[in-house]
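Structural features, examined
The primary structure of each chain is shown beneath.
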Amino acid sequence: MAATPRFRNDASAAPDPESSPADRKHPVDETLPPLKMFTSGLQHVAAMYAGVVAPPMIVGPAVGLTAKETAFLMGASLFTAGIATLLQTLGFWRIGARLPFVNGVSFAGVTPMVAIGKDRGHDGIAVIFGAIIVASLLGFVLAPYFCKLVRFFPPVVTGTVITLIGVSLLPVAFNWSQGGNATADDYGSTTNITVAAVTLVIVLALRKLLRGFLQQIAILLGLVAGTLIAIPVGTTDFGAIKDADVIGFPTPFHFGAPQFEIAAIVSMCIVMLVCMTESTADMLALGKIVDRPADERTIEGGLRADTLGSAISPLFNGFMCSAFAQNIGLVAMTKVRSRFVVAAGGGILILLGLCPVAASVIALVPLPVLGGAGIVLFGSVAASGIQTLATAALEKGENALIVAAAVGVGLIPIAAPEFYHAFPKDLLVVLDSGISTGCVVAIVLNLAFNHLGRKPDAGPDAESGDHEKATPAPVAVH
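Overview of the overall build of the chain
Of the regular secondary structure elements, the chain holds 19 helices and 2 strands. A buried classification covers 54% of the 478 residues belonging to the chain. Of the contacts made within the chain by residues no fewer than 6 positions apart, 81% connect residues no fewer than 24 positions apart.

Focus on the packing of aromatic side chains
Under the defined criterion, the tally for this structure stands at 5 aromatic pairs. Seen in terms of ring centroids, Phe-129 and Phe-319 are 5.8 Å apart; in terms of plane orientation they differ by 45 degrees. Their pairing is tilted. Here Phe-319 lies in the loop between helix H11 (296-312) and strand S2 (321-323) and Phe-129 lies in helix H4 (residues 121-146), a separation of 190 residues in the sequence. The residues Phe-129 and Phe-319 share a single accessibility class, namely buried. A network of ring pairs unites the aromatic residues Phe-419, Tyr-420 and Phe-423 as a single cluster. For the cation-ring pair, Arg-304 lies above Phe-140, with the distance from its terminal atom to the ring centre recorded as 5.7 Å.

Considerations on unusual backbone geometry
The general pattern is negative phi for most residues beyond glycine and trans for most peptide bonds. Here the phi dihedral of Arg-98 falls at roughly 55 degrees; this positive angle occurs in a residue that is not glycine. Inspection of the secondary structure assignment puts Arg-98 in the loop between helix H2 (67-89) and strand S1 (103-105). Backbone geometry at Asn-317 places phi at a positive 70 degrees, although glycine is not the residue there. One can find Asn-317 in the loop between H11 and S2.

Observations regarding the environment of Glu-69
As for its placement among the helices and strands, Glu-69 is situated in helix H2. Beyond its immediate stretch of four places on either side in the chain, Glu-69 contacts His-122 and Phe-255.

A short note on H4
When the terminal C-alpha atoms of H4 are compared, their 35 Å separation across 26 residues agrees well with the 38 Å that a helix rising 1.5 Å per residue should span. Maximal helix bending in H4 amounts to about 35 degrees, located at Phe-140; proline Pro-144 follows within four positions.

Let's talk about a nonpolar patch on the surface
Side chains of Leu-138, Leu-142, Tyr-145 and Leu-273 sit close together on the surface and give an oily, nonpolar patch of about 390 Å² of accessible area. With 3 residues, H4 is the single largest residue contributor to the nonpolar patch. Following the sequence through the fold, Leu-142 ends up in helix H4.

Here we look at the side chain of Thr-298
In this structure, Thr-298 sits in helix H11. What makes Thr-298 buried here is its relative accessible area of 18%.

Side note on the packing of helix H6 (residues 190-209) against helix H15 (residues 367-389)
Between H6 and H15, the least distance of the axes is 7 Å, while the angle of their chain directions is 45 degrees. Overall, the two elements H6 and H15 adopt an arrangement that is oblique. Note on packing geometry: the crossing formed by H6 with H15 is right-handed. Residue-level inspection shows Asn-192, Val-195, Ala-196, Thr-199, Leu-200, Val-203 and Leu-204 of H6 in contact with H15, the latter providing Pro-368, Val-369, Gly-372, Ala-373, Ile-375 and Val-376. A class-by-class count of the residues in the contact of H6 with H15 yields 10 nonpolar, 3 polar and no charged.

Quick notes on the nonpolar core
Most often, soluble globular proteins keep nonpolar side chains buried together rather than apart. Counting residues in hydrophobic clusters, the biggest one holds 104 residues, and the most contacted among them are Ile-128, Met-268 and Phe-319. Core analysis: the next-biggest nonpolar cluster, separate from the first, contains 7 residues, Ile-83, Leu-87, Ile-95 and Ile-350 among them.

Rules used in this analysis
- Each chain has its residues counted from 1, following the order in which its sequence is written.
- Only residues with pLDDT of at least 70 are given local features in this predicted model, and only at 80 or more are side-chain atom pairs given and counted; all residues enter the totals for whole chains, interfaces and linings.
- Excluded from the side-chain calculation are hydrogens and water; included are all heavy atoms of the structure.
- Numbering of helices and strands runs from the N terminus, with a helix taken as a DSSP run of H or I at least four residues long and a strand as a DSSP run of E at least two residues long.
- Using a 1.4 Å probe on the protein chains alone, a residue whose accessible area is under 20% of its type maximum counts as buried, one over 50% counts as exposed, and one in between counts as partly exposed.
- The criterion used for residue contact is that any of the two residues' heavy atoms lie within 4.5 Å.
- Only centres within 6.5 Å qualify two rings of Phe, Tyr or Trp (six-membered ring in Trp) as a pair; their planes then separate them into stacked at under 30 degrees, edge-to-face at over 60, and tilted for everything else.
- Two conditions define a charge located above a ring, namely a distance within 6 Å from the ring centre to NZ of Lys or CZ of Arg, and an angle within 35 degrees of the ring normal.
- By definition here, a helix of n residues has an expected span of 1.5 Å times n minus one.
- Think of it this way: the bend at a residue is just the angle between two axes, each fitted to seven residues, one set ending at that residue and the other starting at it.
- Candidate patch residues must exceed 30% relative accessible area and have no salt bridge, after which like charges are joined if within 9 Å and Val, Leu, Ile, Met, Phe, Trp or Tyr side chains if within 5 Å.
- The accessible surface values rely on the Shrake-Rupley method and a 1.4 Å probe; as for residues, cover is taken only from the protein chains in view.
- A pair is scored as a salt bridge if a Lys or Arg side-chain nitrogen falls within 4 Å of a carboxyl oxygen belonging to Asp or Glu.
- Axis definition: a line fitted to C-alpha atoms, over the contacting stretch in the case of helices. Angles run 0 to 180 degrees between N-to-C directions.
- Angular relationships are summarised with four words: roughly parallel below 35 degrees, roughly antiparallel beyond 145, roughly perpendicular across 65 to 115, and oblique for the angles in between.
- By definition, any crossing whose near helix is turned counterclockwise from its far helix by less than a right angle is left-handed, and any crossing with a clockwise turn is right-handed.
- In the scheme used here, Gly and all other residues not listed as nonpolar or charged are polar, with Ala, Val, Leu, Ile, Met, Phe, Trp, Tyr, Cys and Pro taken as nonpolar and Asp, Glu, Lys and Arg as charged.
- Buried residues of nine kinds, namely Ala, Val, Leu, Ile, Met, Phe, Trp, Tyr and Cys, make up a nonpolar core once their side-chain atoms join them within 4.5 Å.

Rendered as structure tokens:
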């Protein structure tokens, strides 16, 4: 029997004729040389850094914390994001998706957390932490049951949700490209947008001109180049380095013991369900990109890692953690599928949380530079969703209608942010997430048109390919 080629991270690498099935490794389980491991992991950190520190930057001042206390929250968020990422990538027992899956502070919880703790100082933070602990433990218990929803994610649903993930993230990149702070005088200035555009061009040029490992870290190189270009035009802020401590540890329960209030717990439980829905969709997307489709057990492990990481996070003064979709785009673009690379990124996050001055170096990357790179990253996720939709048999039945309605509803929070302004605030946790609403619409319509609405004599061809078992065949990402 002919030897089976060895999987390689580099798509252009030739098969190894000496390898055998016994020593073959899937690219997800391969390790890279130390330098490549570090630089590729650092690239993941650079791609998600702004997303991790943004929620504490919003929540801290809203609850009445000082600038120093808010900076402490930011370091704690980096530290706990690292722990959650290690739980996902390395895992233990039945915890962890064991995919190149980055976890960090969820934006879904920002609005309810601000509402819970507004102007309450340390007590507000303590109530937020108590609600997160309870909601996370409940999510951990529900994970084995929630993961069974994977059978309701055929290609017509997963393709729609993956596309919405990418499209929903693009406004974040556009906001970063303008400067990130809508109240700043230079927001949307020609300087900011030019820096973003130059970074975008650099990233695309590096991807085109470089080969091998250098091509894989084109995003990181683009961020460095963009930052150097931004220095003379004045968009790089060195103030963070001057004020940062060399060493700092997120002291457990720094703001006091957690407090438990029913209303706050209910709000965070809703947020947890939203995060679990989005994480399920993200795992399905990542599984397809790395050619290891996520089954029920993978999703169960991933959800357990999400919820356990979120339950541990308040101990070290961090918030609820969930998947970071922007890093899925990085995996799709670089084709570096090793989970150990992302684990290295998790280790870097922990070190940044313990060394504020090192974290401030990463923070030197201006938001317009991140925005330029983000357009490529987030667009890659949307492109993966379109590839998945190409396998969804849109010409059959009402599949095209399912996609049209789900994408339309999912785009409402992006195209018309004030659309749901008259709805109760508790509902906005779900309605303001285009990923969640689009996912729900796609699942419901798929059930209505391809299951409940089927004619009794309709055969398998009348459906949308749902008989391909829980998850569809993987789609190659180029």
